[in-house]
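Observations on the model geometry
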Amino acid sequence: MKVSSILVSLVIASAAAGPPLGAQAVTQARPVAGAVSGSIVDAQSELPLAGASVALEARAGGAARSTRTDAAGRYAFDGVTAGEYTLRVQRIGYVAGSVDVVLQGAASASVSLGLQVQPVRLQPIAATGSIPAAPANPFAAREGAADAAGEARMEAERRRQRTNLAPDVRVLTRADVDEAVPLAESDLFRTLQRLPGVSARDDYSAELWTRGGSWDHTRVYFDGLPLFNPVHSSGLFSGPNTDAVGAAALHPGAQPLSTGGGAAATLDVTSRRGGERGPVAAAGELSLASARLALDGRAGPQSWMIAARSSHFGTLTQQVEKHSRDEEVWVTRHFADVAARYDLRLGDRSGVEASALWQRDVVGDGPQSDWLRESTPTWGSLAARATLRAPLGGLDARATLGGSGFGAEVRDLGSAEPRSGGLISWPTLLAAESSVRHGFAEMRVEPAVSPSTVTPWAMGIGAVREEARYDGPPIYPLDESLPPRTVDRDAALTYVYAWGERRWKPARTLSAEAGVRVEAGERVPGAGAVRIAPRAAARWQTGPELTVSAAAGRSWHTLQAGPELQEQAITQHLWLLAGGDVPALRSDVATVGAERWMGGGWLASVTGYARRSTGVAVRDPEPGVVIGRGFVAGTLDARGAEISLRRLAGPWTASASYSWGRATMRARGFAFPAETDQRHTLDLAARVRVPFGVRLGAAFSAGTGGAFTRFYGGVATCRPNLGCEWTELPSSGEPGGLRAPAFASLDLSAEWSREIGGMRIGAYAQLHNALDRDNPARYHRSIRYERCGYGAPDGNGGCTDDVWGRGLPRLPLAGLRVTF
């Protein structure tokens, strides 16, 4: 017999003075299977609605059957006898819908409904119990129940699909952080490194290499403010404290217009709004890396949050140094950060927001501990902003004033005698000051819509002032004089900008958005006085489970990190501001991808990308003596493909991702693999719930090494009262001619938590690099020997030894968490 099925999409509007109207349709089918099934979707976005209540009621009376839709929005009723039925669908935040179904004999019918958003204003109620209300953003608090954590992850992904049309935007929840087995404590950047397209130099570093872009090409924003060098402990930990995070989204493709984005990616971090868990709440964590305490609360129209973190004076980093057996390891002796936020509600659509972030690092210990203590290398960041929200006719307006900055300092050693040997140690022995500042003022307007509705358009105007200063020894190139002459760079740039974007639906299954950002100010090399950055994205909803998307965009950057020798980057930081001999950095990117919900909490995705960045400041790639040579402007071409499969909910969760990529640098007629050219990376992670409140986890990462150019530091001889002179000049080899060794790491974790007297107490243990692999870390330099005996033959009758830092050793770690 022939199967008859229909698709009924309902878009139901609520009446101003009456109950919502239902749309009805009648389906008749010939006997085949005796079932009613289908999908429930959002009528606007065509995305599946999980957790919707579906009831099948016989019109002749009798007990109704009910169920809930799964992660793909699907439902099914089997064994349905002939008769007339009404299918009713409800979900909070949507207009209820119904459809009549008539089955003749034993029939099979497919009925799908699309529900329209209807925001619901709930009256406040007093609730008691041990399970707190779900936070506004799932990253804001650690979920006690595995089911709640799984639902939070799926809801975050559904919200991300509704909000972003680009195919490759990634969002994080606290469950993602736990599954990633980050080092010693909850770490935002190390969690991001488990995502496709995001990697690191090695297992030591938390810095982000995104799709062939160096660490400074992923611009981190905290409440709209750029953070420069946002890592702690020489790159071992990420700077933003996860206890202060309310939302975190990574945009590795077409960049957001409101901030200007990053050359390779934008990490948009939003501070956490306080008061979600009651008048006063607290959370603390004690690990071998740091002690953390977060407090928040609310009082009437006010809410506040403060989160602080302080390391244990190098307890963990000293262990890293001790077990690494590496004379090149320099670690941070102490780091600390504080983040805070204050909100004042003035009305339904008006209020004041203010937030700030402070970070500081002090280098110490290691084989150079004596002079390090004397010179006290320090660096840190500060970011702060205030926002006023107010209605403007039928629009919502936001006025923001803020600024961020970064500074590093190495104190003068005074009469300290220079050491003989390679000049590679000179820059960190000499006094230096480095700073960068970014200040802005902006006005943003958009239609007044409910929080569950995507804004159809938005626009903003603003002004920016940027400054960069460096006063110290040459970072690159090296100087012929000994000691090297001081470099003094001082630059400033002011510009205004305007941006606007709009979203619309050209067809029922097609959504599109387009916008442009325009910056105007002083003329800069490679960009002129006016810089235009368009952006466009589209998504085709082929069904409730499958979406296909594409996006393209351009971004401009007037600040970029200058080329540095590897060791020098630890205590000096050179930021280059567009103007004079520094070009503006322009990135053009295009992405295409598809996502599919597979049921049971599974989500699969595949993405392809291509990006070109021009105006990248790189070291002069020509082989030979490097004395007196400066940096040059290069072009970075990156392309690749990524696939991932994730199980977001259930008694066990897992993720698997694989990335293939190529990153090629072109400069001064040379074309060579970039330092960030990692061809293959693989990330696997899993977490399972076992009895007695215990969760076991494992994460495995492997990647091919990036390319590197050999650098020979040269030899300088120093004599008392006679000064120093070169006996062998520093030089470089073929650009990108060699490749770093591959690395792999298996990390294990066990976590226990329990609710006791209104508090949730937990403990965790980790084993990092469980296989005890001797992974390489940062490349330092190469040493040439006239005779073989140490190192590899170099083809010239001698041998060359490449000096590498070591990655993380096998590290057993433990910690405690308390939430109340």
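Basis of the calculations
- Residues numbered from 1 in each chain as written.
- Predicted model: local features only at pLDDT ≥ 70, side-chain atom pairs only at ≥ 80, totals over all residues.
- Heavy atoms only, no water.
- Helix = DSSP H or I, 4+ residues; strand = E, 2+ residues; numbered from the N terminus.
- Buried < 20%, exposed > 50% of the residue type's maximum accessible area, 1.4 Å probe, protein only.
- Contact = heavy atoms within 4.5 Å.
- Areas by Shrake-Rupley, 256 points an atom, 1.4 Å probe, with all protein chains shown as cover.
- Phe/Tyr/Trp six-rings, centres within 6.5 Å; stacked < 30°, edge-to-face > 60°.
- Lys NZ or Arg CZ within 6 Å of the ring centre and 35° of its normal.
- Salt bridge = Lys/Arg side-chain N within 4 Å of Asp/Glu carboxyl O.
- Pairing = 2+ DSSP bridges.
- Axes fitted to C-alpha atoms, helices over the stretch in contact; angles between N-to-C directions.
- Core = buried A, V, L, I, M, F, W, Y, C linked by side-chain atoms within 4.5 Å.

With respect to the overall build of the chain
Along the backbone of the chain there are 6 helices and 52 strands. Taken across its 820 residues, the chain has 55% of its residues classed as buried. Within the chain, contacts between residues at least 6 apart in sequence are counted, and of these 66% link residues at least 24 apart. With the model as given, the accessible surface of the chain reaches about 33500 Å², and the carbon-plus-sulfur share is 57%.

Looking at the packing of aromatic side chains
Summed over all chains, the structure comprises 8 aromatic pairs. Where Phe-237 meets Phe-335, the ring centres are 5.7 Å apart and the plane angle is 40°; that geometry is what we call tilted. Residue Phe-237 is found in strand S15 (residues 237-238), and its partner Phe-335 is found in strand S21 (residues 331-345); the two are separated by 98 residues along the sequence. By relative accessible area, which is 2% here, Phe-335 ends up buried. Following the ring pairs from residue to residue traces out a cluster consisting of Trp-215, Phe-228 and Trp-575. Sitting over the face of the ring of Tyr-495, Arg-531 holds its NZ or CZ atom 5.1 Å from the ring centroid. Over the aromatic face of Tyr-712 sits the side chain of Arg-784, whose NZ or CZ is 4.1 Å from the ring centroid.

Regarding the pattern of salt bridges
Under the definition given, this model contains 60 salt bridges. The salt bridge involving Glu-622 is made with Arg-668; its shortest N-O contact spans 3.3 Å. Of this pair, Glu-622 sits in the loop between strand S34 (602-619) and strand S35 (624-625) while Arg-668 sits in the loop between strand S37 (652-667) and strand S38 (670-673), and the two are 46 residues apart along the sequence. You can call Glu-622 partly exposed: its relative accessible area is 33%. Owing to a relative accessible area of 48%, Arg-668 belongs among the partly exposed residues under this scheme.

Considerations on the pairing of strand S3 (residues 65-68)
Strand direction decides the pairing type here: strand S2 (residues 53-58) and S3, joined by 4 bridges, are antiparallel. Note that in S3 the partner of Val-54 across the bridge is Thr-67. Linking S2 back to S3 in an antiparallel pair, the connection comprises 6 residues, with Gly-61 at a positive phi of about 105°.

Focus on unusual backbone geometry
In this structure, Ala-184 is a non-glycine residue whose phi angle is positive, near 70°. Within the secondary structure, Ala-184 is located in the loop between helix H2 (174-179) and helix H3 (188-192). When its relative accessible area of 1% is taken as the criterion, Ala-184 is described as buried. A positive phi angle, near 50°, is found at Arg-211, a position not held by glycine.

Quick look at the sheet that holds S2
As a general point, the strands of a sheet are linked pairwise by backbone hydrogen bonds and lie either parallel or antiparallel. Reading across the sheet, the 4 strands line up as S3-S2-S5-S6 and stay open at both edges, with antiparallel pairing between neighbours. Unpaired on one side and paired on the other, S3 and strand S6 (97-103) mark the two borders of the sheet. Sheet twist, expressed as the average angle between the axes of neighbouring strands with direction ignored, equals 20°. Direction of pairing for strand S5 (residues 83-90) relative to S6: antiparallel, over a ladder of 7 bridges.

Observations regarding the nonpolar core
Ranked by internal contacts, the top residues of the largest apolar core, which has 52 residues, are Phe-189, Leu-192, Leu-267 and Trp-575. Setting aside its immediate chain neighbours within four residues, Phe-189 contacts Ala-206, Leu-208, Val-220, Pro-230, Val-231, Ser-238, Pro-240 and Leu-267. Judged by nonpolar contacts, the second largest core, of 20 residues, contains Val-36, Phe-77, Tyr-94 and Leu-103.

As for the pairing of strand S1 (residues 35-42)
The buried fraction of S1 is high, at 7 of 8 residues. When S1 meets strand S4 (residues 74-78), the two strands line up antiparallel, connected through 5 bridges. Residue Gly-38 lies in a different strand from S4, and its bridge partner there is Tyr-75. Of the pairings in the sheet, the one linking S1 to strand S7 (residues 108-110) comprises 3 bridges and is parallel in character.

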